[in-house]
Structure formats: structure tokens, C-alpha cells
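# Descriptive analysis of the structure
Now for the letters of each chain:
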Amino acid sequence: MSDKDRIIPHTMATQHPDNVNVPEWSKSEVIDGNVEVYEALHAYQTLGCQEVMWDSEGKDADTRVVRKLLSKYWEYFASHTIGENVFLTYRLPNPKIEGVEKKYVVETLQNIPVAYDVASSVYKREIAPLFEVILPFTTDGKELIMLRNYYTRAIVADEEEVLYESLRVSDWIGTFKPKKIKVIPLVEDFNSVLNIDKIVTPYLNAVKPGYLRVFIARSDPALNYGLLCAVLLTKMALSKLKTVELETGVKMHPILGVGSKPFRGHLSPGNLEGFLEEYKGLSTVTVQSAARYDYPIDKVREFVRVLNERLPNGEAEVIGAEEEAVLMGVLGKCRAEYERHIELLAPFINSIAPYVPPRRARKLHVGLFGYSRNVGGVSLPRAITFAAALYSAGLPPEFVGLKALRKLSDEELSVLKRYYVNLRSDLDLVGGYVSHKNVDMLAEMAKKTAEKAKMSEAQLNSALSLVLEDFEAVEETLGIRLGPKSCMERKHENFTNNFLLSCLECDDTEARKALVESAKIRKCLG
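Below or above, wherever it landed, is the structure these notes cover. The shown structure was predicted, so the numbers you read here are calculated from the model rather than taken from an experiment.

### Details of the overall build of the protein chain
Per the secondary structure count, the protein chain includes 22 helices and twelve strands. A separation of at least 24 residues holds for 79% of the contacts in the protein chain among residues at least 6 apart in sequence. Carbon and sulfur atoms make up 51% of the accessible area of the protein chain, which totals about 20700 Å².

Structure representation (C-alpha cells):
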């Protein structure tokens, strides 16, 4: 199929573990294995998602997923061809990040021709159900070229190898198709997002594709640099991709990886219009687990239908040089303040993060079989667990480091508000989850809290002082009153208070119950 004939999917169901509710079809709280195969069908058939990300980064993935989908659920896939009407896209591990598991890249890529044979046999015509892969932590265009070339030269080219006398691999086990794959860069760190144009241009020059899908992360930038930086980095990346499109004539199709609450992107059935207004120029968005399982199913179906209908949602705005310079100043101030606050808060966050219930069979984020999230020189949990821990304590992650608002000039604050359209409404929404009572309680019980977090009382008190300064800066700068305003927000505060008390009393069972109950009110873990 030529590039001009391909459908660009608009909604990508992912396996992010941010849901608090367990779907009724899962027998376990932890979704994995064959259940994830059914989950893919559910995303397509029941919810209307056009694409499923099959994730082998940070977790084990079933490489026989195409065969299982077609053999178990042929009634659906007979009229919904994988690779033409609905799509399955692998997210690979990045070899430069992974330790002993880097060769999963080889295993995953080798399965692409296997899936081709299976699908072509079933559909009785040539079908490439898998033809795109996502490379996380992309920092250089050469990584994209290397991955594409590895598939072509090390997997497809094997068919020409002579095994015995004149017999080739293709004579023995057949040819390898598709002959080429498309690579989707997933750009996540500060400098790479800012230089996204310099990452994709070498790939465009070398490959000359008809279009390019580019995946912009939203969760990890929020974890690493704070809410304001994450939003502004996204806007700058969309601007640069639009400029590349205008200069090269190659159509850019941005994908944005977003969660339900403002910290990780604010895409949920409750904020559809606000999201579409905030991020212009998107072709595809992730519909993560909380958006699928923590809302009534009829609302989710309608939510997905509208996204499929309204994406792409206009054109990204190209940011001029003068405003980009101002935004760089905002980014510098906000990042520095966020990192300073996180460095102090990290031990407390890490002490409560283990109470967040797992929803996927993921690998550890540190040690031999994974990689850590490092911010300001300290290790933190993954973004969902990080956010869940802070929401559960009544200290929403959106506010961390927002003392920086006081350091912005009038021009910087004005440009920030211009490019973060929903700044005030986003913070007003999560402001209902702020609990001053919890801050006071932690200060009053500083000795016990510090002991549990394995930090000094002085560090804890400094961290809590900064938390209060963050709250005050938002209230003064944006005119928002923080704290619970509705009955449900007051219930949320009660659960977060019970959570912290149970943690300090080492009552793990009650702590986990309280955490889950608060998350049900938020409609996500983190």
C-alpha cells in the first residue's frame, strides 16, 4: 500500500497502568499476557480505537499477538483488516537504554515477517499487519536510520543467504515481508524535544518517506521538568514539526502521549474540548487505561468517536523567534525551580509510592532489567506512580515548582499564558485536590514522617515550606483558591488524610484502601 493511500489512525489505545478500576473482563488487578490480547480486541471493537500500541518497552509483550487475534477473534477481524482498517504498533525497547534486554529489539523485529505470513494466509492476500515501530528515547536521527536499516539488512536480507550449495534461506523458509518498516521516533527528554526538527530531518533526507509520524511524550517531560515545561515543550515541538513540514513538503503526523489529569496531558472524557483547544495540529492521541476504564463505557465510546472524527484538529502554530526566546527563559526558570523542589521532596515521594497498586506486569524501573527516572540527581518512580503518590497525599504534582511563577517577568508570564491556553482552568481543576490539612499534619508529625521517608526533619520541613510557597504563588499569580470546594473534593481530602495517617501507622492495608478510594474520585491513579 502506498503512503498516500494509508489511513493515519487518530486514537491509540495504550497499556499505561494509570487506571484505578479493573475492567470487568480481567480476572486479576494486574493485566498481562492473554488478557492484553483480548484488551486489544476490546479497544478496537467495543471502544472504537483505531490503533493499539503493543508495548515491549518496560514490560514483556506477546510477540504472537497477531496470530492470537486472528485465530481467536476472526469474526471481527474478517471485516476489520489489521494493518489497513485497524492498526497494531510495537513500542520497542531502546538498545542504548536497556541492559541485558536490548536484544528484544531483534526478537520483536523478527516477528514482523511472521505476522505477515500469518495474516496473508488468513486473509488470502498479501497483508502487512505490522509495518511501523516506535523507538522510545530517540535523541538522534541516526537511531531511526539504524533501526530501519537493521530490519532491512539483518532480517529481510537474510533470505538471500546461501545455506547449502545453491539453496538460499528463501528456498527453505520463504521470503521476508514487508521489505521495509516505518520508524516512529518517540522524543522524550528536554534537549531532544527542543531539537525535534534536527532529529527528524536526517531521517527524512535518508529515507524520503511520503509522511512521518512523530511521537511527542507528555508524561516523562512532566515528571522530569514539571507541568509548565511539559506543556511549553510540547507546543515548541509541534511548532518545529510544522516548520519542517512547510520546508520539506513531507506531511508530519504528530502523536501526543497523554494521560487523564493536567500533569500528564489532560485528555479524558471530561476534558475533551479543553484538550482539543490546547493542543492544535495533532493527528493521533493516546487513549490510556484510565480514560478507558475509569469512566462509564458509553462516555468512553463517545469520547473516542469524537476524537476519531475531529483529529487532526487544525494546524499547530509556528512560534516566532522572539517569542521562542521568551519561552526559553520561562523554561529555564521553571525547570530550575521544579528540580530544586523535587530534590527535597523525593525521599517522601519514594516512601509512599510503593502503596500505588500495580495495574500492569511491568519491570522494575531501576536495576539490571530497567532504567531509572532521574530528576535533579535523585531517582523517582515512573510518571504514573509519581503522580499517584502526590495526588494521594493531597499534594497534586501540577503545583510542584510553581513558585517559579513569581520569578517570571510580566512579558514571560504573558507569553506563558498565551501558549498554555488552559493554565488557569487546569490548575483550578486540580486545585480541589490540594490539602493544606495534610501539609499541616505532616509538619506536626515531622519526626515520624521523616523517619519513614529516611530523610532528615530539616529536609522534610524545607520541602513542606516549598510546597506551601508553590500553592501561594499560584493563588497570588492566577487568582485561584486552592483546596476542596465540592463534596467530592472534601471526600478526596478525607481519603488522602486517612492514607497518610495509615502510612505513618504502618497500616499498609488501610493505606492502600484509602489510596484507591481517592483515586476513584479522581478517575485515575496518576
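Alright, that's what it looks like, and here's the rest.
### Focus on the packing of helix H5 (residues 141–155) against helix H8 (residues 196–207)
Contact geometry for H5 and H8: axes closest at 7 Å, N-to-C directions at 40°. Viewed along their axes, H5 and H8 adopt a mutual orientation that is oblique. On H8, the residues that touch Gly-141, Leu-144, Ile-145 and Arg-148 of H5 are Ile-199, Pro-202, Tyr-203, Ala-206 and Val-207. In the contact of H5 with H8, the residues fall into seven nonpolar, one polar and one charged.

### Brief notes about the nonpolar core
Core analysis: the largest hydrophobic core is formed by 159 residues, its most contacted members being Phe-77, Leu-109 and Leu-427. With residues near it in sequence (within four places) discarded, Phe-77 still touches Leu-41, Tyr-44, Leu-69, Leu-70, Ile-82, Val-86 and Tyr-123. Met-12, Ile-134, Ile-184 and Ile-255 belong to the second-largest nonpolar core, a separate cluster that totals eight residues.

### Some words on the packing of aromatic side chains
Summed over the entire model, instances satisfying the criterion amount to twelve aromatic pairs. Here Phe-190 and Tyr-225 contribute two aromatic rings whose centre-to-centre distance is 5.2 Å and whose plane-to-plane angle is 75°, an arrangement assigned as edge-to-face. A residue pair is termed long-range when its members are at least 10 positions apart, and Phe-190 in helix H7 (residues 190–194) and Tyr-225 in helix H9 (residues 219–225) qualify at 35 residues. Across the pair, exposure class does not vary: Phe-190 and Tyr-225 are buried alike. Between Phe-275 and Tyr-279 the ring centres are 5.3 Å apart and the planes differ by 45°, which places this aromatic pair in the tilted class. A relative accessible area of 1% places Phe-275 in the buried class. Tyr-279 gets classed as buried once you look at its relative accessible area, which sits at 2%. Taken together, the ring pairs connect Trp-25, Tyr-38, Tyr-73 and Tyr-293 into an aromatic cluster. Positioned above the aromatic ring of Phe-131 is the side chain of Arg-6, whose terminal nitrogen or guanidinium carbon lies 4.0 Å from the ring centre.

### So, the side chain of Thr-496
Along the chain, the position of Thr-496 falls in helix H21 (residues 487–504). What makes Thr-496 buried here is its relative accessible area of 0%. In contact with Thr-496, other than residues within four places in its own chain, are Tyr-391, Ser-392, Ala-393, Gly-394, Ser-435, Asn-438 and Ser-518.

How each quantity is defined
Residues numbered from 1 in each chain as written. Predicted model: local features only at pLDDT ≥ 70, side-chain atom pairs only at ≥ 80, totals over all residues. Heavy atoms only, no water. Helix = DSSP H or I, 4+ residues; strand = E, 2+ residues; numbered from the N terminus. Contact = heavy atoms within 4.5 Å. Areas by Shrake-Rupley, 256 points an atom, 1.4 Å probe, with all protein chains shown as cover. Axes fitted to C-alpha atoms, helices over the stretch in contact; angles between N-to-C directions. Parallel < 35°, antiparallel > 145°, perpendicular 65-115°, else oblique. Nonpolar A, V, L, I, M, F, W, Y, C, P; charged D, E, K, R; others polar. Core = buried A, V, L, I, M, F, W, Y, C linked by side-chain atoms within 4.5 Å. Buried < 20%, exposed > 50% of the residue type's maximum accessible area, 1.4 Å probe, protein only. Phe/Tyr/Trp six-rings, centres within 6.5 Å; stacked < 30°, edge-to-face > 60°. Lys NZ or Arg CZ within 6 Å of the ring centre and 35° of its normal.

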